[in-house]
Amino acid sequence: MKFNDMLKKKKKENTDNTENINEVNKEQLQDEGQEQAPVTEATETQQETAAAPTAEEKLKDELAQANDKYLRLYAEFDNFRRRTIKEREEARKTEGKDVIVALLPVLDDFERAQRAMDKATEVAPVKEGVTLIQNKLKNILSQKGLKEMPSIGNAFDADLHEAITNIPAPTDDLKGKVMDEMEKGYTLNDKVIRFAKVVVGA
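Residues numbered from 1 in each chain as written. Predicted model: local features only at pLDDT ≥ 70, side-chain atom pairs only at ≥ 80, totals over all residues. Heavy atoms only, no water.

A. Representation of the pattern of salt bridges in the model. By the definition in use, this model includes eleven salt bridges. With a shortest N-O distance of 3.7 Å, K175 and D172 are connected by a salt bridge. Among the residues examined, D172 registers a relative accessible area of 65% and is labelled exposed. In this structure, R194 and E183 form a salt bridge, with 3.9 Å as the shortest nitrogen-oxygen distance. Residue R194 is found in strand β5 (residues 191-194), and its partner E183 is found in strand β3 (residues 178-183); the two are separated by eleven residues along the sequence. Linked by salt bridges that have partners in common, D78, R81 and R82 make up one network. (Salt bridge = Lys/Arg side-chain N within 4 Å of Asp/Glu carboxyl O. Buried < 20%, exposed > 50% of the residue type's maximum accessible area, 1.4 Å probe, protein only. Helix = DSSP H or I, 4+ residues; strand = E, 2+ residues; numbered from the N terminus.)

The structure is reproduced here in structure tokens:
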């Protein structure tokens, strides 16, 4: 009986020791978990801080974007400038094309008149033909906006006339007025393109 009692007592002691060991292990694990939790939180905070861009990085990124935008705008403007220069050069080369094309029939008429003059025996038909060609030329030029400036009898205007000489005016009302016209003046679309060369009464 004593032996059995001793065995039971030993088993009970072993069971108590095991429970104590388990409790100690649990406490250690809990302590370690509590200690590890702050470490994990600190690590996550550091990662978030590292992931978030700093003010300097933001400014560098904005500067890079602004620089890229500037380069693109400069390239577009340079292309526009080159294209405009090319278009102007092409326009200069062909700017008088429509007028020249309109005058070609007059040139043809002059060539026909020249051939007719070689065979002509009378002057009157030749004069009539030249007059017709002159009228045709005037009509074409007037369609393009060319107009003769009336000068004789008008007051001298330095913006329209170029005085060649002065002559004594026969009457007082002709003083300072155009007495004669040596060369006609012309306007193109109401803008003076050639001053009239005139004689002014003094």
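B. Region of interest: the sheet that holds β5. A sheet is described by the order of its strands in space; here three strands give the open sequence β1-β4-β5, paired in antiparallel fashion. Where the open sheet ends on each side, the last strands, each with one partner, are β1 (146-149) and β5. Pairs of neighbouring strands in the sheet enclose a mean axial angle of 40°, with direction left out of account. Here strand β4 (residues 185-188) pairs with β5 via three bridges, running antiparallel. Bridge pairing in β5 places T187 opposite V192. (Pairing = 2+ DSSP bridges. Axes fitted to C-alpha atoms, helices over the stretch in contact; angles between N-to-C directions.)

C. View of the layout of surface pockets. Within this model, the largest pocket holds a volume of roughly 150 Å³. Residue lining of the largest pocket: Q134, L137, K138, L141, S142, L146, K147, E148 and Y186, and that is the complete set. Counting residues per element, the ones that place at least two in the lining of the largest pocket are α4 (123-143) and β1. Tallying contributions element by element places α4 first for the lining of the largest pocket, with five residues. Here the lining of the largest pocket is built from residues that sort into four nonpolar, two polar and three charged. (1 Å grid on protein atoms, 1.4 Å probe; cavity = no way out; pocket = protein on both sides within 12 Å on 5 of 7 lines; lining within 4 Å. Points joined across faces, edges and corners; volume = space filled by probe spheres on them. Nonpolar A, V, L, I, M, F, W, Y, C, P; charged D, E, K, R; others polar.)

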